[in-house]
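Given next are the chains, with one letter for each unit.
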Amino acid sequence: MSKNPTVVPPPTVALVGRQNSGKTSVLMHLTRTAQHPVNFPGSSVERVEATATIPSGDGTPVEMRVVDLPGIGSLEAISPDEQVALGWLHTGEVDVICAIADVGKLTIELALVQGLRELGHPVIVALTKVDQLDADVDAAQLEDLLGLPVVIVDALSGAGFDRLGAALLAAARQKIPPGARKIDPDEVARRVIRWRTIGPRAERRKHLTDRIDAVLLHRVFGLPILALVMFGIFQMLFVGAEPFMGLIEDGQAALSSWVSELVAPGALQSFLIDGLINGVGSVVIFVPQIFFLILFVSLLEASGYMARAAFLLDRVLSKVGLSGRSFVPLVSSFACAVPGILATRMIDDERERIATIVVAPLMSCSARLPVYVVLVGTFFPSGQAGLVIFAMYALGIVVAAVVAWLLRRTKLKGKHSTLMMELPTYQRPSLRVVRGQVGAALREFMVTAGTIIVVAAVLIWLTSYYPRPAEIQERFEAKRALVVGDDEAAQGKRAELDAAERAAYLEQSALATVGKAVTPIFEPAGFDWRTTVGVLAAFPARELIIPTLGVLYSLGDVDAGAYDLASLSHPDEDDGLRKKLKEATHPDGTPAWSALTALAVMVFFALCSQCAATLGAIRRETRSRKWPLFVFGYMTALAWLAAVAVYQIGRALGAGGAS
Amino acid sequence: MVTLDRLEKRAIGKVVRVDGDDAIAHRLVDLGFWPGTEVELVRRAPFGDPIQLSLRGFRLALRKAEARRVVVEPA
C-alpha cells in the first residue's frame, strides 16, 4: 500500500449489537472470508475483523473492512470490554455503523439504535430473525419512523445481505451523520410489526419453541434428556472419528515405512520417523475428534439448545463460582481440552471464562484413556477395572470443582456473578456459520497447538536419541555376529537384539540421564527411573508414555492406539507391555510395579498438565503467558502431591507389596 | 407489589421499578425491564433457580438473585 500513496484504506464498518442478535451471521454473510481476531490497541479486548467485497455501482468490486465488536446492550459501558468497544466507536476510524437488531426484541433494540445515532456516524439498521416471527414487518415504515436505512436480512437463505452491503458502502462514502429524532420504541414497534395471529401473547404460547421447551426444560425430564443428548454426542463423536483416526495411523505407518526405505538407517531416518512424522502424527490424530466436537458444539449453540443446557445446570455450577455457560466447554473437555477451551468463547464474563479454561484440562480427556487402560488391565482384576477408571474421571471432576471454587474466591473473584441469558428461539443452524466456526477452530489447532506439539516432539526425540556412543553399537554388532543362520529362531534373536540395542541407547540418552537425575523427586510416588523417563516424555502429549515405556522395556514399537476400552476384556492376550510391566524389577530384584504404583501413575496422569496443545490453546485464548504457566504449575504440582499421597498412604495401609 | 422471583409459575406481573444503580440494574433496564412492561414467569429450573421469564415476546433466564431487583405488580 505504501508504494502507491493514492490508495485509500477501505471504508470501515462497525457491527454493533447485543449478544444473540445475529451479529456473527451478518459478519459471515457479508464477508464470506476467513475472519481473524485482533486486539484493540493497548488492550486485551478482542474484536473480529474481516474483509467484505462489495460490487459497487460501476461494476468494480470494492473492499470494505468489517469489524465485529463484542456484544453491547447499551451506550453505557458496564463491563471493561464494553468500555473499550464503545471507546473505539468514538474514534475517526469508523465510517459507518451497522446496527444489528433482532426483530423479536424490537423495542429494546430501538433503544440501542437511538443511542448509536448520536455517535455522529451514519447508521444502517440490519433487521434479523424476521423469519422467526409470526408477523409481517414493515421495513419501509420503520425507515420512515426512524429516519435511518433499514434492511431485512435472513441468515438461513442469505437474502438481503447484498442490499445491506450496498447500503453500507453508500453510507460510508457519503458519511452523512443522521440527525437526532425522538421516538417512542414501544409505539414504533407496535406500528411496524403486524401480527398474523391474534396478539403477541397468544402467539408466544402457541410458539413451537415453547412447546419444545415444555419438554426439554421439564423440571423432572429436562436433566435426563440433557444427559442423553450429551451421551449421544459422545457416541457419535467416537464412532465418527474412529475410521479417520485409523486412516491417519495407517497413513503415518505407510509414510514411515516409505521413509525407512528411502533413507538409510541412522540419525536422519530416526529424526524423520521418530521425531518429525511421529510429532506431526500426534497432532493430526486429534483432528477428527476436534472436528466432530466443534461441529456438535457449534450446532448445539446455533440451534439454541446450548442456552437450555446452561439454564438447566446453572444452579449446580454456580456453587463453585461458574455458571451454566461453563457446562458445554467442560463436557467437551472429556474428549479433548482444546475444543473445550475454544468453546469457552461463549462465556461473556472474563473471570468466569478464565476459571473454566483453567479447570477444563482436569477433565480426563481421550488421550488419558490408553494410559488408564494399559495399567488397569495389567494390575487390577477385570471386576475392578471399570470402577478404577471411573474413579480417575471422578477425581478430575472433584479437583476441578475445588480449584474453580478457590479461584473464584481469590484471584478470579468477580464483583458479581450473573446469568441473564436469552433463551433464543430454536432455529435451523446456518451452514455458513457452522462451517466458519469449525474451519476457524481447526486452523487454529493446526497452527498454534500443532507447532508446539511438533517442536516438543522433536525435542523429546533429540534428547532420547543422543548421545550415541560407538561402544554400544560395537557391543551389539559383536552379539549379532554370534547369531548364525536365517531360520525363525535366528530372526527372533536378531529382533530381540535390535530391541535391546534401542533400549541400551535410550538408557544412556540425555532424556534418560535427566530422568534418572529427577527420579528422586518421583521416588516418593513409587516411580522407578523408567517410569520417570516415560512421564517426562509424556509432557508434550500424554500418550507418548506408552511408546517410551515400550522402548525402555525392550519391546520395539508399541502403539498407544492398541489400548482401547475393548482391550480390557481380554488383557491376557499377548500383550508385551503388560507382561513386561509385571515382570520389571528394581535393581535389588523386588518388583518395580504393583497395583499401588499403577494407581499412583494413573492419578498422576489424571491431574498432570501433559499436553502442549492445551497449553498453547490456553495461551491463545487468555492472550497471556501467565495462565498457561499457572495451569502447568498447579496441575503438575497437584499431580505429584496426589501421586505421592496415594503411594505413601497405600504403603502405610500395607498395600503394594514392595519391600 | 412483589419482587419478580416471587411470582407464581405462569403468573404475569407489571414492572414497577428496578432497584439499584449497579451493572445488574443497568443490564436489566437494557433488556427491557421498563416500568409498565408485562413479565411472565414461565418456569423454574430443576433446582428452583434460575427462572425463565417472558417479556416483550422473548425468553430470558435470570438467577433469582437478579430477578429480586425487579419489583412487579402482579396482574
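Enquirer: Would you mind going over the overall build of chain B in detail, with residue names and values included?
Expert: Counting its regular elements, chain B contains two helices and six strands. Starting at the N terminus, the α and β elements of chain B follow one another as β-β-α-β-β-β-α-β. For a compact globule of 75 residues, the expected C-alpha radius of gyration is about 11 Å, and chain B comes in at 11 Å, within 12% of that figure. If one aligns the C-alpha atoms of chain B with their principal axes, the spans along those axes are about 30 × 25 × 25 Å. Looking at chain B as a whole, 63% of its 75 residues qualify as buried. Accessible surface computed for chain B: about 3000 Å², of which carbon and sulfur atoms make up 50%. Across chain B, the centroid of the 14 positively charged side chains sits 5 Å from that of the 11 negatively charged ones.

Enquirer: Explain the pattern of salt bridges to me, and be specific about the residues and the numbers.
Expert: Opposite charge on two side chains permits them to pair, given that their charged atoms come into close proximity. Residues and elements named next belong to chain A. Counted by the stated rule, this structure contains 27 salt bridges over all chains. Between K105 and E422 there is a salt bridge, with its nearest N and O atoms 2.6 Å apart. Highlighted residues: K105 in the loop between β5 (96-102) and α3 (106-116) and E422 in strand β10 (residues 421-422), separated in sequence by 317 residues. The pair formed by K105 and E422 is uniform in burial state, with each residue classed as buried. Three or more residues joined by partner-sharing salt bridges are found here, namely R345, E350, R353 and E621.

Enquirer: Give me the lowdown on the pairing of strand β1 (residues 12-16) of chain A, citing residues and values where you can.
Expert: Residues and elements named next belong to chain A. Along β1, five of the five residues are buried, which leaves the element largely enclosed by surrounding structure. As judged from the four bridges shared by β1 and strand β4 (residues 61-68), these two strands associate in the parallel manner. Bridge pairing in β4 places L15 opposite D68.

Enquirer: Give me the lowdown on helix α1 (residues 23-31) of chain A, citing residues and values where you can.
Expert: All names here are of chain A. With eight of nine residues buried, α1 lies mostly within the body of the structure. Of the residues making up α1, those classed as buried are K23, S25, V26, L27, M28, H29, L30 and T31. Just downstream of α1 lies R32, where phi reads positive at about 50°.

Enquirer: Explain the interface of chain A and chain B residue by residue, including any values.
Expert: Contacts between the two partners involve 45 residues from chain A and, on the opposite side, 33 residues from chain B. Both faces considered, chain A and chain B share a buried interface measuring about 3400 Å² in area, 57% of it formed by carbon and sulfur atoms. Counting every contact that joins chain A to chain B gives four salt bridges. A:D314 serves as the salt-bridge partner of B:R63, at 2.7 Å between the closest nitrogen and oxygen. At the boundary of chain A and chain B, one finds 11 residue pairs in polar contact (both at pLDDT 80 or more). Of all the secondary structure elements, the ones that give two or more residues to the side of chain A that touches chain B are α3, α6 (185-192), α7 (200-206), α8 (208-216), α12 (305-318) and β10 of chain A. Per element, the largest residue contribution to the side of chain A that touches chain B is seven residues, and it comes from α12(A). Taken together, the residues of the side of chain A that touches chain B break down into 16 nonpolar, 14 polar and 15 charged. With two bridges joining them, β10(A) and strand β5 (residues 58-62) of chain B adopt antiparallel strand pairing.

Reading the values: rules and limits
Residues numbered from 1 in each chain as written. Chains lettered and ligands numbered in written order. Predicted model: local features only at pLDDT ≥ 70, side-chain atom pairs only at ≥ 80, totals over all residues. Heavy atoms only, no water. Helix = DSSP H or I, 4+ residues; strand = E, 2+ residues; numbered from the N terminus. Rg over C-alpha atoms; globule rule 2.2 N^0.38 Å. Buried < 20%, exposed > 50% of the residue type's maximum accessible area, 1.4 Å probe, protein only. Areas by Shrake-Rupley, 256 points an atom, 1.4 Å probe, with all protein chains shown as cover. Lys, Arg positive; Asp, Glu negative; His and termini not counted. Charge placed at Lys NZ, Arg CZ, Asp CG, Glu CD. Salt bridge = Lys/Arg side-chain N within 4 Å of Asp/Glu carboxyl O. Pairing = 2+ DSSP bridges. Contact = heavy atoms within 4.5 Å. Buried area = accessible area lost by both parts, 1.4 Å probe. Polar contact = N/O pair within 3.5 Å; in protein donor to acceptor, adjacent residues only side chain to side chain. Nonpolar A, V, L, I, M, F, W, Y, C, P; charged D, E, K, R; others polar.

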